[in-house]
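Spelled out from the first residue to the last, the chains are:
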Amino acid sequence: MSDFVSVAKHGGVAVVTIDNPPVNAMSFHVREPLHQALAVLRDEPSVAAIVIACAGRTFVAGADITEFGKPVQQPELRAVIALLETIAKPTVAAIHGTALGGGLELALGCHFRVAGARAKLGLPEVKLGLLPGGGGTVRLPRLIGVEKALGMIVSGTPIGATEALEAGLVDAVLDGDLLARAVRFASEMAARGGPFTPVRDRNDRLAVADLAAFDRQAAELAKKARGHEAPIACAEAVRGAISLSFDEALAAERELFLKLVAGDQARAQRHLFFAEREAAKVPGKDLSRRKIARVGVIGAGTMGGGIAMAFANGGFPVTLLETSQEALQRGLTTIDRNYAVSVSRGSLTEAARQQRLGLFKGSTDYADLADCDLIVEAVFEEMAVKQEVFGKLDAVAKPGAILATNTSYLDVNAIAASTSRPQDVVGLHFFSPANVMKLLEIVRAEKTAPDALATVVELARRIGKVPVVVGVCHGFVGNRMLAARGAESEALLFEGATPSQIDKAFTEFGWPMGPFQMGDLAGLDIGWRNRKARGLTAVIADTLCEQGRFGQKTGSGFYRYENGFRTPVPDPEVEALIRAKAAEKGIARRAIDADEIIERTLYPLVNEGAKILEEKIAARASDIDVVWVNGYGFPVGKGGPMFWAGLEGAGKIVERLDHWHERTARPIFQPAPLLRRMAETGTWEAAVGG
Ligand code: NAD
């Protein structure tokens, strides 16, 4: 008996209960007493069957992630499972909530698994850059077949109880009092009598496996992995389950696991796992929260429509406001169409669509916002327009309502100053499409009240967003750094690179696409209009826009798009244009390699991050990583720009920035003092503290 594991007898059935809140992680302080309890029960003649269950809201939802990458304290999970498999009497895992990772592996060590109707089961290790290292890759295929197991392990996506029953992963789905029914199930099994075959010895589902088909499926996966080691290692481990003996396959899985867990990608993914949780911690635990029941959204354009959907998807009634009935109708029609697409794709039921549409109320009258507890403005990106809107809001919003702006760049303090209640004003910077993208930059203005901030951070999580609190500056964290990354793209073109060479350097780094593909996808006209408004130029992009080449939507931009396809085809006309413009400027073109492209685009990105950290616009380096991975597609396996700076070596980055600064005198290359300190201290925390 321990605080974490207890045993109770129900007639001849022993119930072993794990109680390690909040999610019953398989920590050392659980494994040790569990191992002891099972060893005793195995040999106890009065016990005819054993049920493993959990207290609290879930079955074991995984390993203890804080133990990864450290020396293992025995007994490790594998030893607990091995012991389970030496028990001759029936063993039953009673699963409620989620059985994930090490939790499902523990359950796979039992003869039987029974689950509550709402239970979910999965092996999500791949999402942390790992594979299931407790025998999951070797046992799961024995229960549900190779193809299904491979899909679950490589995707990391859990399945529900009904699907698990059909697949053979659980033996029964039990309604009502799960524990009582699991005990009954166990005693029935004991009465039926053995021998009971452990999963390790069930080979019939493996025998049918077609190795050639498996290899084809695995090759597909490898292609999709885009440089990620974990999905490939997962497939290799499952292949071991087919082609090796059980014990050999278990050893091979272990070896693959150890290699991954010590590697940079898994370290990066663990870093992000903790970084997201850290970023979402609500500042000031004791603060009261404001009640948010109804949300108002002003502007039903690209962002307003998406933001309104994000709140409706989270169950909030939404009042959507536009300047005219016509604009409102256009916005509502787009929302309707988006939901219809989800239904046609099977990701939303018709009933859910109706329910969500029922949450919208359209209006053209500001007075209708009076019953909203939070109002998010998403009108044109112009200070005068925003200030006018906030002035009107000040007149109609109820006292204590939170007034938010979705501005991409503008000064939130100046927007707040156009109201008599700046303490209620905050920035909520959603990313496009706002109903899909996870990142939410929450901009804390000078006078934002702590309880208003705490309320929106918590609210962000309720609507499935990843919140990061940032301070006021032009472009906040994400767009300000994006500008630093983009600054050299055109210079690289002039000096000799082509758009496709630059994009290739990015995709090889692990980005889903490079800056020019991104520009073509988003529409080059957006940046063009923006530059014109601010008196700026970008010679190549401006010329393309003057020629009507706005990107994918016009069939050409930096690339050509043939016959409506989205595949970018390098265009000799664009390359000729670049050469001509370079000649006009008297720039001699030369060969530029991928290393130089990365140095001149991503080192300034890190450098700008350091400046942001120095100015306390971001509270932690890891917050910046969360922004870049969730909002801009920075490769997960590299952990975000600030984590990657550690992998790359801050000293090397400083040295190369100095080099480029000397050559170009451009401010983006001037190393931030904090980056220099990071090069000396080795971590951002130490650099900031020092
Ligand atoms: P948009 O042009 O698609 O939509 C703006 C909408 O606001 C229009 O429908 C317009 O009719 C309406 N509007 C204008 N003035 C109004 C007023 N006084 N009252 C009510 N409605 C009014 O623009 P968008 O792309 O949705 O951008 C909106 C805001 O979101 C901007 O501040 C922009 O910087 C920001 N933003 C945009 C993106 C993006 O990718 N498009 C991403 C993040 C943030």
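What you see is a predicted model; the values in this text were computed from it and never measured.

Caption draft 1: Quick look at the site of the ligand. The ligand sits among 20 residues. The nearest are M303, E322, E381, K386 and S408. Here E322 contributes a side-chain N or O atom positioned 2.5 Å from an oxygen atom of the ligand. At a separation of 2.5 Å, an oxygen atom of the ligand approaches a polar side-chain atom of E381. Surface burial for the ligand is 78%, taken as the share of its 840 Å² of free accessible area covered by protein chains. Mapped onto the shell around the ligand, the elements with two or more residues apiece are helix 13 (302-313), helix 16 (383-396) and strand 15 (425-430). Tallied by class, residues from the shell around the ligand come to eight nonpolar, nine polar and three charged.

Caption draft 2: Structural view of the UniProt feature "domain: 3-hydroxyacyl-CoA dehydrogenase C-terminal" (unreviewed entry) in the chain. Under the UniProt annotation, "domain: 3-hydroxyacyl-CoA dehydrogenase C-terminal" (unreviewed entry) lies at residues 475-561 and 597-685. Across residues 475-561, helical content stands at 62% and strand content at 2%; the span's end C-alpha atoms are separated by 31 Å. Secondary structure across residues 597-685 comprises 71% helix and 0% strand; the distance between its end C-alpha atoms is 29 Å.

Caption draft 3: Highlighting the UniProt feature "domain: 3-hydroxyacyl-CoA dehydrogenase NAD binding" (unreviewed entry) in the chain. Per the UniProt record, "domain: 3-hydroxyacyl-CoA dehydrogenase NAD binding" (unreviewed entry) is found at residues 295-471. Secondary structure across residues 295-471 comprises 41% helix and 20% strand; the distance between its end C-alpha atoms is 24 Å.

Caption draft 4: Fine view of empty space enclosed by the protein. The full count for this structure, using the stated rule, is one cavity of 30 Å³ or more. Its volume calculated, the largest cavity comes out at about 40 Å³. If you trace the largest cavity, you find it lined by P499, S500, F558, Y559, P570, D571, V574 and E575. Contributing elements (two or more residues each) for the lining of the largest cavity: helix 21 (499-509) and helix 25 (572-584). Of the residues that constitute the lining of the largest cavity, the class distribution is five nonpolar, one polar and two charged.

Caption draft 5: Seen up close, helix 11 (residues 246-261). Taking 1.5 Å as the rise per residue, helix 11 with 16 residues should run 22 Å; its terminal C-alpha atoms sit 22 Å apart, in good agreement. Taken as a whole, helix 11 has its buried residues at F246, A249, L250, E253, R254, L256, F257, L260 and V261. Of the surrounding elements, those touching the buried residues of helix 11 are helix 2 (77-84), helix 4 (136-144), helix 10 (229-243) and helix 12 (264-279).

Caption draft 6: Expanded view of the sheet that holds strand 1 (residues 5-10). One open sheet holds the six strands; their spatial order is 1-2-3-4-6-9, and the pairing between them is mixed. Where the open sheet ends on each side, the last strands, each with one partner, are strand 1 and strand 9 (172-173). Where strand 4 (residues 91-95) and strand 6 (residues 112-115) come together, four bridges link them in parallel fashion. Bridging from a neighbouring strand, V92 pairs with F112 of strand 6. Against the sheet, helix 7 (residues 178-192) touches strand 1, strand 2 (13-18), strand 3 (49-54), strand 4, strand 6 and strand 9, its axis set at about 160° to strand 3.

Caption draft 7: Molecular detail of the packing of aromatic side chains. This model, assessed by the stated rule, comprises 19 aromatic pairs. Residues F509 and W644 carry aromatic rings whose centres are separated by 5.1 Å and whose planes lie at 85° to one another, so their mutual orientation is edge-to-face. One end of the pair, F509, is in helix 21; the other, W644, is in helix 28 (residues 641-648), and 135 residues separate them in sequence. As far as the burial class goes, F509 and W644 line up, both buried. Both rings, one in W660 and one in F669, keep their centres 6.5 Å apart while their planes meet at 35°; by these two values the pair is tilted.

Caption draft 8: Expanded view of the environment of M518. Tracing the backbone shows M518 in helix 22 (residues 515-522). Judged by its relative accessible area of 39%, M518 is partly exposed. Separated by 93 residues in sequence, M518 and K611 have C-alpha atoms that sit 25 Å apart.

Caption draft 9: Inspection of the pattern of salt bridges at higher detail. Counted by the stated rule, this structure contains 45 salt bridges. Between R200 and D201 there is a salt bridge; the shortest N-O distance is 3.7 Å. Two residues, R294 and D371, come together in a salt bridge whose shortest N-O distance is 3.8 Å. Here the residue R294 occupies a position in the loop between helix 12 and strand 10 (295-298), and D371 occupies one in the loop between strand 12 (360-363) and strand 13 (374-377), the gap between them amounting to 77 residues.

Caption draft 10: Region of the structure containing the side chain of D373. Structurally, the position occupied by D373 is in the loop between strand 12 and strand 13. Judged by relative accessible area, which is 12%, D373 ranks as buried. Here K398 takes part through its side chain, which lies 2.6 Å from a polar atom of the side chain of D373. Sequence-distant contacts of D373, that is, excluding residues within four places in its chain, are made with K291, I292, A293, R294, K398, A401 and I402.

Caption draft 11: How the structure looks around the environment of A327. Tracing the chain through its elements places A327 in helix 14 (residues 325-345). The class of A327 is buried, set by a relative accessible area of 9%. A sequence separation of 260 residues divides A327 from I587, and the C-alpha atoms of the two residues are 48 Å apart.

Caption draft 12: Highlighting the pairing of strand 13. Here strand 13 shows no split at all, with L374 and V376 on one side and I375 and E377 on the other all buried. Looking at chain direction, strand 10 and strand 13 are connected through four bridges and run parallel. Paired with V295 across the strands is L374, a residue of strand 13. Sheet topology places strand 13 next to strand 14 (residues 402-405); four bridges connect them, and they run parallel. Bridging across to strand 14, E377 finds its partner in T405. One crossover worth recording links strand 13 to the parallel strand 14 by way of helix 16, and it is right-handed.

Caption draft 13: Spotlight on the packing of helix 12 against helix 27 (residues 621-631). For the pair helix 12 and helix 27, interaxial distance at closest approach is 9 Å and the crossing angle is 105°. On the basis of their axis angle, the class for helix 12 and helix 27 is roughly perpendicular. Contacts between helix 12 and helix 27 involve H271, L272, A275, E276 and A279 from the former and S622, D623, D625, V626, V629 and N630 from the latter. Grouping the constituent residues of the contact of helix 12 with helix 27 by class yields five nonpolar, three polar and three charged.

Caption draft 14: Representation of helix 22 within the structure. Every buried residue belonging to helix 22 is among P515, F516, G519 and D520, and all of these are buried. The arc that holds every buried residue of helix 22, seen down its axis, measures 140°, which confines them to one face. Elements in contact with the buried residues of helix 22: helix 19 (478-486), helix 20 (489-495), helix 21, helix 23 (524-534) and strand 18 (559-560). Note on helix 22: the residue one or two positions beyond its end, G523, has a positive phi of about 105°.

What counts, and at which threshold
- Positions within a chain are numbered from 1, following the residues in the order the chain's sequence is written.
- In keeping with the model being predicted, local features are shown solely for residues with a pLDDT of at least 70 and side-chain atom pairs are shown and tallied solely at 80 or more, while totals for entire chains, interfaces and linings include all residues.
- Derived side-chain values reflect all non-hydrogen atoms in the structure, with water molecules and hydrogen atoms excluded from consideration.
- Near, as used in this document, describes a residue that has one of its heavy atoms within 4 Å of the molecule or strand being considered.
- Polar contact criterion, stated in full: a pair of N or O atoms within 3.5 Å, where within protein one must be able to donate a hydrogen and the other to accept it, and residues adjacent in sequence count only if both atoms are side-chain atoms.
- All accessible-area figures derive from a Shrake-Rupley calculation using a 1.4 Å probe, and residue coverage is judged against the displayed protein chains alone.
- Each helix is a run of DSSP H or I of at least 4 residues and each strand a run of E of at least 2, with the numbering of both proceeding from the N terminus.
- Residues are grouped as follows: nonpolar covers Ala, Val, Leu, Ile, Met, Phe, Trp, Tyr, Cys and Pro; charged covers Asp, Glu, Lys and Arg; every other residue, Gly included, is treated as polar.
- UniProt positions are given in the numbering used here, feature names are shortened, and annotations may be inferred rather than shown by experiment.
- A 1.4 Å probe that fits into a set of points on a 1 Å grid over the protein atoms alone but cannot get out defines a cavity; an open set with protein on both sides within 12 Å along at least five of seven lines defines a pocket, and lining residues are those with an atom within 4 Å of a point.
- Grid points are joined across faces, edges and corners, and a volume is the space filled by probe spheres set on the points.
- Between the first and last residue of a helix there are one fewer steps than residues, each counted as 1.5 Å, and that sum is the expected span.
- The buried label applies to any residue whose accessible area, calculated with a 1.4 Å probe on protein chains only, is under 20% of its type's maximum; exposed applies above 50%, and partly exposed to all values in between.
- Two residues qualify as a contact provided that any one of their heavy atoms is within 4.5 Å of a heavy atom in the partner residue.
- Pairing between strands is defined by DSSP: at least two bridges between the two strands are required.
- Comment: axis = line fitted to C-alpha atoms, over the contacting stretch for helices; angle = value between 0 and 180 degrees taken between N-to-C directions.
- Any Phe, Tyr or Trp ring, taking Trp's six-membered ring, that has another such ring centre within 6.5 Å forms a pair; planes under 30 degrees apart are called stacked, those over 60 apart edge-to-face, and the others tilted.
- Each salt bridge in this description consists of a side-chain nitrogen of Lys or Arg and a carboxyl oxygen of Asp or Glu lying within 4 Å of one another.
- A crossover gets the label right-handed when its path from the first strand over the helix to the second runs clockwise, viewed with the strands pointing away from the viewer.
- Just so you know how the angles are binned, under 35 degrees is roughly parallel, over 145 roughly antiparallel, 65 to 115 roughly perpendicular, and the rest oblique.
- What the arc describes is the spread of directions from the helix axis to the C-beta atoms.

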